[in-house]
Structure formats: structure tokens, C-alpha cells
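Fold and contact review
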Amino acid sequence: MLEPLRQGLPPLDPAAVSNAASCALPARYEAVREARKFTRRTLDQWELAYRFDDVCLVVSELVTNALRHALPAGAQRITEQTPPVRLHLMRWTERLVCAVRDPSHDSPVARDSDDFSAESGRGLFLVDSFSDGWGWHPMEGTLSGKVVWALFRLQSPQSAAAPAPAE
């Protein structure tokens, strides 16, 4: 799942992941709230609460897009035993990746809109604005669908522990 993340980025060794967590999300819009709660708990456990606002906004947009655009007709009737959307959070020393897997093979499309008062259509613009990079790739092997991911750079442990310079 991580191989395409390497394109254009410094190497991300899957074996060097220091933390990883995932949750299955049902095909209903309440899943966005569940994804935010899961993200809060996970970032708190990983002592990354300082990144919560940006990460939570991006997670909300990625999950909303998966629910709105990537589910087949009738997905609301899919049983809870087979949730169609899955949120993955993976942490390296200085990076965090949020990845949302869904059953669609369609590529995400960022809309160009000059209407900044519109209430929808800006999700990928927000993902691009609040993360340090994003992308997507189709799933391979026995899994079908795609993964849409966003990367966040984290403070290194040294810079997080260093006192702020005196002014």
C-alpha cells in the first residue's frame, strides 16, 4: 500500500513505521465523526495532539469524499461486517500519513471553483492546503479500489524538545 507514497518523496520504509492504526468505517455520514474521534485518540496516544487540527480536517475531507463519491449505489445497505471505507494512520519519526481506502477505482478529481462561498467541492483543495502532500493509487492484489493519502511532516524529537529561542 505504501509503494506509491515514495514517488517524489524522501524514502518511507514500511519497516520503519513507528506506529500504525486503522479503523473500518461504515457507509453512513456519521462515519466522519467516528473518523475524527479515532484520529483524536490516536494522535493523543502518539503525543501528536499539536497536529490534530490540520490532520482532523484532512481526515474529514478524505472520508467524506470516500462516502460521497466512491461508494457504489446501494452501499448504504452493505452490512456492518464489511465496511467499505477504512482509515489508516501511519507514523514515522518525522512523518504522518493518513490514508483512506475505498472500493472505487475512479481517480479523485480536484474541482476548480472560484466560488469560495460554495459549501461543497473544495475537499481536495483543503487536503492540498493543510497537508504537506497528497496523492492516490489503485489497490493491487486481492484488494480492489483505491487509497487516497495525505502526508504531514512532524517535528523531529530534537526540535520538539528544544526550547524556543529567546527574543
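If you're wondering where the values come from, they're calculated on a predicted model, not measured in any experiment.

About the thresholds
Residues numbered from 1 in each chain as written. Predicted model: local features only at pLDDT ≥ 70, side-chain atom pairs only at ≥ 80, totals over all residues. Heavy atoms only, no water. Helix = DSSP H or I, 4+ residues; strand = E, 2+ residues; numbered from the N terminus. Buried < 20%, exposed > 50% of the residue type's maximum accessible area, 1.4 Å probe, protein only. Contact = heavy atoms within 4.5 Å. Areas by Shrake-Rupley, 256 points an atom, 1.4 Å probe, with all protein chains shown as cover. Pairing = 2+ DSSP bridges. pLDDT = per-residue confidence, 0-100. Disulfide = S-S within 2.5 Å. Salt bridge = Lys/Arg side-chain N within 4 Å of Asp/Glu carboxyl O.

**Brief notes about the overall build of the chain**
What the chain contains, in helices and strands, is 4 helices and 5 strands. Starting at the N terminus and ending at the C terminus, the chain contains elements arranged as β-α-α-β-β-α-β-β-α. Taken across its 167 residues, the chain has 41% of its residues classed as buried. Within the chain, contacts between residues separated by at least 24 positions form 67% of all contacts whose residues are at least 6 apart in sequence. Carbon together with sulfur atoms contributes 49% to the accessible area of the chain, which is approximately 9,700 Å² in total.

**As for the pairing of strand S5 (residues 146-153)**
The side chains of a regular strand alternate between both faces of the sheet. Counting buried positions along S5 gives 7 out of 8 residues, so the element sits mostly inside the fold. Inspection of the sheet shows strand S3 (residues 95-102) paired to S5 by 8 bridges, in the antiparallel sense. The partner of cysteine 98 across the bridge, within S5, is alanine 150.

**Points about the confidence of the model for the chain**
The pLDDT averaged across the chain works out to 79; a share of 69% of its residues lies at or above 70. Of all helices and strands in the chain, the one with the weakest mean pLDDT is helix H4 (residues 157-161) (55), whereas helix H1 (residues 30-45) scores best (97). Note on residues 1-10: pLDDT is under 50 here. Beyond four places in sequence and across chains, it has 18 contacts.

**Brief notes about the state of the cysteines**
Following the criterion strictly, the structure yields 0 disulfides and no others. Not engaged in a disulfide, the cysteine cysteine 56 finds its nearest cysteine sulfur in cysteine 98; these two sulfurs lie 9.7 Å apart. We classify cysteine 56 as buried; its relative accessible area is 8%.

**So, the pattern of salt bridges**
For side chains bearing opposite charge, pairing can occur when the charged atoms are close. Under the defined criterion, the tally for this structure stands at 4 salt bridges. Ionic pairing is found between arginine 28 and glutamate 34, a salt bridge with its closest N-O pair at 3.3 Å. Between arginine 51 and aspartate 54 there is a salt bridge whose closest N-O contact spans 3.6 Å. When salt bridges that share partners are traced, they join Arg28, Glu30 and Glu34 into one network.

**Section: the environment of leucine 124**
With respect to the element layout, leucine 124 can be found in helix H3 (residues 123-130). Of the residues examined, leucine 124 reaches a relative accessible area of 6% and is grouped as buried. Residues leucine 124 and valine 58, 66 residues apart in the sequence, show an inter-C-alpha distance of 8.6 Å. Each residue touching leucine 124, except ones within four places of it in the same chain, is listed here: Asn65, Pro108, Val109, Ala110 and Trp134.

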